[in-house]
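Here's the letter readout for the chains.
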Amino acid sequence: MLFFACIGMSYGQQAEIDFKKEVHDFGTIAYMGDGTYEFEYTNTGNEPLVISNCKGSCGCTVPEWSKEAIQPGATGVIKVKYDTKRAGKAFNKSVTVSSNGETAQKVIRIKGRVSEKPVTASAK
């Protein structure tokens, strides 16, 4: 009986990451434009949240995040930068976020299209 009581006491004692929004649509971004978006999140659990890793689906999608623990109720951001030198292409990229949260992995996404590379007038 004591064993079950100890388990019951620790139940629910965990961090949890809750994103304000999990998908960001840039629409059309200018060639070489700003492909950066900050995903805001809150630790909705009752233990400190530690993000151990964020991995982009390719080298063109680079995440940055704080290595500091986020206290219960506090917020943080994961900055995701897309390489906008890929002219005329639509993109739909993901970042896998690994943490000590109750949901150990969450996926956030960016999507949009990069406009065509501007044509420069040739010298005559």
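In case you missed it, the structure is sitting above this.
Residues numbered from 1 in each chain as written. Predicted model: local features only at pLDDT ≥ 70, side-chain atom pairs only at ≥ 80, totals over all residues. Heavy atoms only, no water.

Caption draft 1: Layout of the overall build of the chain. Along the backbone of the chain there are 1 helix and 8 strands. Walking the chain from its N terminus toward its C terminus, one meets helices and strands in the order α-β-β-β-β-β-β-β-β. Within the chain, the fraction of its 124 residues that count as buried is 31%. Within the chain, contacts between residues at least 6 apart in sequence are counted, and of these 67% link residues at least 24 apart. (Helix = DSSP H or I, 4+ residues; strand = E, 2+ residues; numbered from the N terminus. Buried < 20%, exposed > 50% of the residue type's maximum accessible area, 1.4 Å probe, protein only. Contact = heavy atoms within 4.5 Å.)

Caption draft 2: The arrangement of the sheet that holds strand β3 (residues 36-43) in detail. Here we have 4 strands laid out as an open sheet, ordered β1-β3-β6-β5, and antiparallel in their pairing. For this open sheet the edge positions go to β1 (17-19) and β5 (61-65), each flanked by a neighbour on one side alone. Ignoring strand direction, the axes of neighbouring strands in this sheet form an average angle of 30°. Sheet topology places β5 next to strand β6 (residues 75-82); 5 bridges connect them, and they run antiparallel. Bridge assignment links W65 to a residue of β6, and that residue is I78. (Pairing = 2+ DSSP bridges. Axes fitted to C-alpha atoms, helices over the stretch in contact; angles between N-to-C directions.)

Caption draft 3: Examining the environment of A104 more closely. By the secondary structure assignment, A104 is in the loop between β7 (90-99) and β8 (105-114). For A104 and I17, which are 87 residues apart along the polypeptide, the C-alpha to C-alpha distance reads 8.9 Å. What A104 contacts, discounting residues up to four positions off in sequence, is V97, S98 and S99.

Caption draft 4: The state of the cysteines, seen in detail. As enumerated under the stated definition, the model contains 1 disulfide in all. Here C58 connects covalently by a disulfide to C60, the sulfurs 2.3 Å from one another. Residues C58 and C60 are joined by a disulfide whose S-S torsion is about -45°; by sign, that bridge is left-handed. (Disulfide = S-S within 2.5 Å.)

Caption draft 5: Fine view of unusual backbone geometry. Phi is positive for M32, which is not a glycine, with a value near 65°. Tracing the backbone shows M32 in the loop between β2 (23-29) and β3.

Caption draft 6: Region of interest: the packing of aromatic side chains. Taken as a whole and judged by the stated rule, the model has 4 aromatic pairs. When the centroid spacing of 3.9 Å and the interplanar angle of 15° are considered together, the rings of Y82 and F91 count as stacked. Each member of the pair, Y82 together with F91, is buried. Aromatic ring contacts, followed pair by pair, group F26, Y82 and F91 into a single cluster. Its guanidinium or amino end placed over the ring of W65, K67 lies 3.7 Å from that ring's centre, counting from NZ or CZ. (Phe/Tyr/Trp six-rings, centres within 6.5 Å; stacked < 30°, edge-to-face > 60°. Lys NZ or Arg CZ within 6 Å of the ring centre and 35° of its normal.)

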